[in-house]
Amino acid sequence: MKIKWRSVLILIIIPVLFFLAARSIYNELRPYGLKDILTGIRSIPGCRFLLSLAAAMFSYTALTGFDWLGVRYSGKHIRYRSVALTSFVSYVFGNNIGFSGLSGSAVRYRFYSAQGLSTVEIVRVIGYGFLTFWVGLFSVSSGILVLPPHTVPETSSFPFHSTLPLGILFGMILIAYVCVILVRREPIRIKGHLFPIPSPKMLPFQILFSMTDWLMAGLSLYMLLPSSLHIGFLEFFSAFILAQTLAVFSNIPGGIGIFESLILALLAGRTDSSLLFSSLLLFRFVYYLVPLAVGAILFLLHELFLAGDKTRRTLGAVGNLMSSFLPTVMAILTFIGGSILTISGTIPALPERMKWIKLMIPFPVMEASHFLGSLSGVLLMVLALGILNRTRLSYYATLAVYVSGILFSLLKGLDYEEAAVLAVFFLLLIPCRKYFYRKSRITSDVLSPAWFLLVAIMLISGFWIGMFSYKHVEYTHELFWQFGFSSDASRFLRATLGSAVFLFVISLLVSLRKGGGGPAVATEAERVVVRQLRTQWGGCESSLSLLPDKRFLFANTDERREGTTPEGFIMYGVSGKTWVSMGDPVGSDAAVRELIVKFRTAAHADDAHALFYQISERNLPLYIEFGYTIYKIGEAAVLNLIPFSLAGGERSSFRNTINRLTREGFAFEVLNAEKTVEALGNLRRVSDEWLKNKNVREKGFSLGYFDEIYLSHFRTAVIRDSSGRIMAFSNLWESEVFKEISIDLMRYSDSAPPSVMDFLFLKIMMWAKESGFERFNLGMAPFSGIPDVTLAPLWNRFGAALFHHGENFYNFQGLRNYKEKFDPEWKSRYLAVQGGFGLPRNLVDLAILIGRGKLKSGEILEPSATNGIEEC
């Protein structure tokens, strides 16, 4: 599987930046305590707090101008209040969640698509807003950082000691942008879509809105600065611009930690760092958390408004809305609850409450509660991912941990505030039972690398807070083993170490655990129903349902009365976290439509991805309608038997093969199912010789393999030598409803002549035509027929390259050429997957499934052609 280096770098760089920022803040606040920071917050006058809130409001108002300009750039006209709502909600989510280009864009797509904008038009709005953001930054910076340039303190460890170089760079970028929009008129083409050059008339508005945003954001923090910091607004604003720019590039949500460390470094020595840090904390509340709360409420009201006015529609829409976002909200609250428990274990207990603890709680109980409370915090943060993935076990486990967390909070130090918060989270989670329906274990990705990193960052943050709280306590190794009601520092060290070890143990157990296995294998009763449905609705490929490696999902299973046969089925297998349907659903049109949805729902309930392999063109609109991504994987050769004949000059080689082997005493025969059972011993001998001679192993799932029960269901075409000994054979797939026939296994003995398979192949065609079959399915040619053009998607270019240059893996072109000489009609075959991001993992799971649990080194996807025809 290809490694996503960009994701790996992000997972490495973000924690490194966060660690460096935390270390910088810690060094600045080393002389101060937690009490000093709280005192600094209380010292900020209420009028300045209100002015800061007003400046933040004006900043977000200016941000709405970004989207207003973007909508006009896209050529649309939407009422300002709708644009303002979309812009505000998008920016508050983007500022707080991080990766604003992704999170904010998702909100915009939701809002603007409801307003009738197409995807391309929404991309234009987003792109123009992004451009306006940087135009304003460069406009402000080129003036503030240059006239006059400001000195950067040497203690800040910046690579430059003046803002002049950065200001000049920003000014040059702004000039280049102005030149482009003044000179170039041709639109820019990106992935086949045209993006017009912005009009010069809109440039003043871009600068106005963006400069207002930056100035108001800076003023919001300036109003909260301590009175002891004697600094003019312009000088402060240069530091603000520099810190915000670097924080934006970090991609950490809200630049948290990065922005604070930079401001502390740039304004070092001007006032007490504890007072400055108090202002930064309050700025976080004013500019980020308050708008986030308002934005979340507006988003909820917007969704309820879209649901409609009628009570029934509204309630239904509310139910769907709750289903879509409630697990996410509960996951966030669970993670917050775990963070509270973890951080609480690092902070000293209040002395007056410890007096009550000494009277009421035995010391061992208090000591154990403190330690177990921290472990409960880690467990809650881990379970939050299970809550996000809607697993039933995570739901019940989280409720249990909430109860224990409440108990530990009270027993360790009468932390009733903490217990009250956890109790609220507990009560909010109880009525959400129906949203957690997955029957799988806590989750297959219970501690994915990204989630592990998130939990680890919280543990590091708690450790940082603890070190800050107990920095005046001299560290010794004996500190770990000091016990007493007043030994808060010792309890902090033990809880931190225990939490880290606990997280490591959980991650180790998860890494050793195998993925979910899905439902149980099919029962004999189900196989009887499948054989009936296959006869009524199935094509040749439905014969694969007779293999023992198939599981089944039926249409109308829940609704039908007992004893009533369902109208269709899906045959599928489970590999890793992928459910793979072999071909299209088999059944009536209504059943096919139902099964496509039902299969994805069932896979989702098992925390797996749904995949349809080798589907036909017939049902492509349904797969697209229900959210599947389609990839072409090859073409199947279907020969029309009605006009087929061996007469004519172009068929002379075929006639020569038949005549030569007939003279040598070889004879063709078709055995019915009963005679096939009698000949299984001889067929096994031929099959074993073929496998040994070709040095191959049996495949499965999309190919038949030698299984006596499986072969007993079919007629078998055999070639006998003059002594009556079977030299080659192939079992026959037949479809009465489609009047179609195909071959499955094609195997021959070591002593058979080289052209015996051609002889068998041609004889089957002639026999099938005489028997009334109208079509002969020669099987699929993998990766054939995939266009290879410059602007083709990556999958098409990969498939085409593999077809033309993949001889070391498989004879793709040879297989296509062999089938081509019969002049068949080529039918495209496709892969339908649940979104495109998990495709590499899905393909590996599919290869393992076809390889029957074995994956050779370098094997990506085993080509699924008729088993043996590639040797012809």
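Residues numbered from 1 in each chain as written. Predicted model: local features only at pLDDT ≥ 70, side-chain atom pairs only at ≥ 80, totals over all residues. Heavy atoms only, no water.

Things to note about the overall build of the protein
We count it as follows: Labels follow the DSSP assignment, with helices taken as runs of H or I lasting at least four residues and strands as runs of E lasting at least two, numbered in each case from the N terminus. Partly exposed residues are those whose accessible area sits between 20% and 50% of the maximum for their type, while under 20% is buried and over 50% is exposed, using a 1.4 Å probe and protein chains only. Pairs of residues are marked as contacts when any of their non-hydrogen atoms sit within 4.5 Å. Each accessible area value is a Shrake-Rupley result obtained with a 1.4 Å probe; residue values ignore everything except the protein chains displayed when judging cover.
Looking only at helices and strands, the protein features 29 helices and 14 strands. Within the protein, the fraction of its 872 residues that count as buried is 51%. Sequence separation of 24 or more characterises 73% of the internal contacts of the protein that already satisfy a separation of 6 or more. When the accessible surface of the protein is totalled, it reaches about 40,900 Å², and 64% of it is carbon and sulfur.

Description of the packing of helix 15 (residues 392-413) against helix 16 (residues 416-429)
Under the convention used in this document: Axis geometry follows a simple rule: fit a line to the C-alpha atoms, using only the stretch in contact for helices, then measure angles between N-to-C directions, giving values from 0 to 180 degrees. Any angle that falls under 35 degrees is termed roughly parallel, while one over 145 is termed roughly antiparallel, one within 65 to 115 roughly perpendicular, and all others oblique. In this scheme the crossing of two helices becomes right-handed for a clockwise turn of the near helix relative to the far one and left-handed for an anticlockwise turn of less than a right angle. Ten residue types, Ala, Val, Leu, Ile, Met, Phe, Trp, Tyr, Cys and Pro, are classed as nonpolar, four, Asp, Glu, Lys and Arg, as charged, and the remainder, Gly among them, as polar.
It is the contact of helix 15 with helix 16, at a shortest axis distance of 8 Å, that shows an interaxial angle of 165°. It follows that helix 15 is roughly antiparallel to helix 16 by the angle criterion. In the crossing of helix 15 with helix 16, the sense of the turn from one axis to the other is left-handed. The residues of helix 16 that touch helix 15, namely those facing Y395, T398, L399, Y402, V403, G405, I406, S409, L410 and K412, are Y416, E418, A419, L422, A423, F425, F426 and L429. Looking at side-chain class alone, the contact of helix 15 with helix 16 contains 13 nonpolar, three polar and two charged residues.

As for the nonpolar core
Across soluble globular proteins, nonpolar side chains show a tendency to be buried alongside one another. Put simply, the test is: Each nonpolar core is a collection of buried residues, namely Ala, Val, Leu, Ile, Met, Phe, Trp, Tyr and Cys, held together in the definition by side-chain atoms within 4.5 Å.
Counting residues in hydrophobic clusters, the biggest one holds 54 residues, and the most contacted among them are W214, L221, F240, F259, L267 and F283. Excluding residues within four positions of it along the chain, L221 makes contact with F236, F240, F259, S279, L280 and F283. With 42 residues, the next largest nonpolar core counts L533, F554, M582 and I726 among its residues.

Structural notes on the pairing of strand 14 (residues 825-833)
We apply this condition: Only strands joined by at least two bridges in the DSSP assignment are considered to pair.
In terms of burial, strand 14 is a largely internal element, seven of the nine residues being buried. Alignment of strand 8 (residues 629-640) against strand 14, held across nine bridges, turns out to be antiparallel. Looking at the pairing, V638 lines up with E825 of strand 14.

Notes on the pairing of strand 3 (residues 551-554)
Here strand 3 shows a buried face lined by R551 and L553 and a second buried face lined by F552 and F554. In this sheet, strand 4 (residues 568-575) lies alongside strand 3 in antiparallel orientation, the contact comprising four bridges. Across the sheet, the residue bridging to L553 is I570, located in strand 4.

Focus on helix 8 (residues 203-222)
Quick note on the threshold: Take the residue count of a helix, subtract one, and multiply by 1.5 Å to get its expected span. What the arc covers is the set of directions going from the helix axis to the C-beta atoms.
A rise of 1.5 Å per residue sets the reference length of helix 8, with its 20 residues, at 28 Å; its end C-alpha atoms lie 28 Å apart and thus fit the reference within 8%. For helix 8, the full list of buried residues reads L203, Q206, S210, D213, W214, A217, G218, S220 and L221. When helix 8 is viewed along its axis, its buried side chains cluster within an angular range of 155° and face the same direction.

Some words on the pattern of salt bridges
For clarity, the threshold we go by: Here a salt bridge means any side-chain nitrogen of Lys or Arg lying within 4 Å of a carboxyl oxygen belonging to Asp or Glu.
A complete count under the given rule lists 13 salt bridges for this structure. In this structure, K412 and E418 form a salt bridge, with 3.5 Å as the shortest nitrogen-oxygen distance. The exposure class assigned to K412 is buried, which follows from its relative accessible area of 5%. Its relative accessible area of 8% is what places E418 among the buried residues. As a salt-bridge pair, R531 and E524 come within 3.2 Å of each other at their nearest N and O atoms. Owing to a relative accessible area of 51%, E524 belongs among the exposed residues under this scheme.

With respect to helix 3 (residues 46-73)
For helix 3, spanning 28 residues, the distance from its first C-alpha to its last is 42 Å, which sits close to the expected 40 Å at 1.5 Å a residue. G75, located one to two residues past helix 3, shows a positive phi value of around 90°.

Quick word on the environment of S87
By the element assignment, S87 lies in helix 4 (residues 80-97). We classify S87 as buried; its relative accessible area is 0%.

Quick notes on the side chain of S749
Looking at the element boundaries, S749 is found in the loop between strand 12 (740-748) and helix 26 (756-770). S749 gets classed as buried once you look at its relative accessible area, which sits at 2%. Filtering out sequence-adjacent residues up to four positions away, S749 remains in contact with R685, V686, E689 and M727.

Focus on unusual backbone geometry
Of note, the phi angle at Q614 is positive, near 60°, even though the residue is not glycine. When you line up the elements, Q614 lands in strand 7 (residues 609-615). Its identity as a non-glycine residue notwithstanding, K739 has a phi of 50°, on the positive side. Looking at the secondary structure, you find K739 in the loop between strand 11 (726-735) and strand 12. Residue classification places K739 among the partly exposed residues on the basis of a relative accessible area of 40%.

Topic: the confidence of the model for the protein
Low pLDDT marks regions whose predicted coordinates should not be analysed in detail. Inclusion rule: pLDDT measures the predictor's confidence residue by residue and takes values from 0 up to 100.
The predicted model of the protein has a mean per-residue pLDDT of 76, with 73% of residues at 70 or higher. Across the protein, element-level confidence peaks in strand 10 (residues 716-720) with a mean pLDDT of 94 and bottoms out in helix 27 (residues 794-805) with 49. Taken together, the stretch residues 1-6 has pLDDT below 50 and engages in five contacts with residues farther than four places along the chain or on a different chain. Contacts of residues 802-809 to residues separated by more than four positions or lying in other chains number 14 contacts, the stretch itself having pLDDT below 50.

What to know about a nonpolar patch on the surface
Put simply, the rule is: To count toward a patch, a residue needs a relative accessible area above 30% and no salt bridge. Like charges then connect within 9 Å, nonpolar side chains (Val, Leu, Ile, Met, Phe, Trp, Tyr) within 5 Å.
Together, L497, V501, F504 and V505 make up a nonpolar patch on the protein surface, roughly 360 Å² of accessible area in all. Its relative accessible area of 47% is what places L497 among the partly exposed residues.

Observations concerning the packing of aromatic side chains
Aromatic ring pairs: the centre-centre distance and the angle between the two ring planes describe each pair. Stated precisely, the cut-off is as follows: In this analysis, rings of Phe, Tyr and Trp, with Trp reduced to its six-membered ring, are considered paired at centre separations within 6.5 Å, and the interplanar angle assigns stacked below 30 degrees, edge-to-face beyond 60, and tilted for intermediate values.
One pass over the structure, following the stated rule, counts 30 aromatic pairs. Residues Y73 and Y128 carry aromatic rings whose centres are separated by 4.9 Å and whose planes lie at 20° to one another, so their mutual orientation is stacked. With Y73 in helix 3 and Y128 in helix 6 (residues 119-144), this pair connects stretches of sequence that are 55 residues apart. A single burial state applies to Y73 and to Y128, both of which are buried. Between Y710 and F714, the ring centres sit 5.0 Å apart and the planes meet at 75°, which makes this aromatic pair edge-to-face.

Some points on the environment of L831
With respect to the helices, strands and loops of the structure, L831 is situated in strand 14. Judged by its relative accessible area of 1%, L831 is buried. Sequence separation between L831 and S616 is 215 residues; the distance between their C-alpha atoms is 9.2 Å. Contact partners of L831, with chain neighbours within four places excluded, come to L611, F612, Y613, T629, I630, Y631, I633, L839, L843 and L846.

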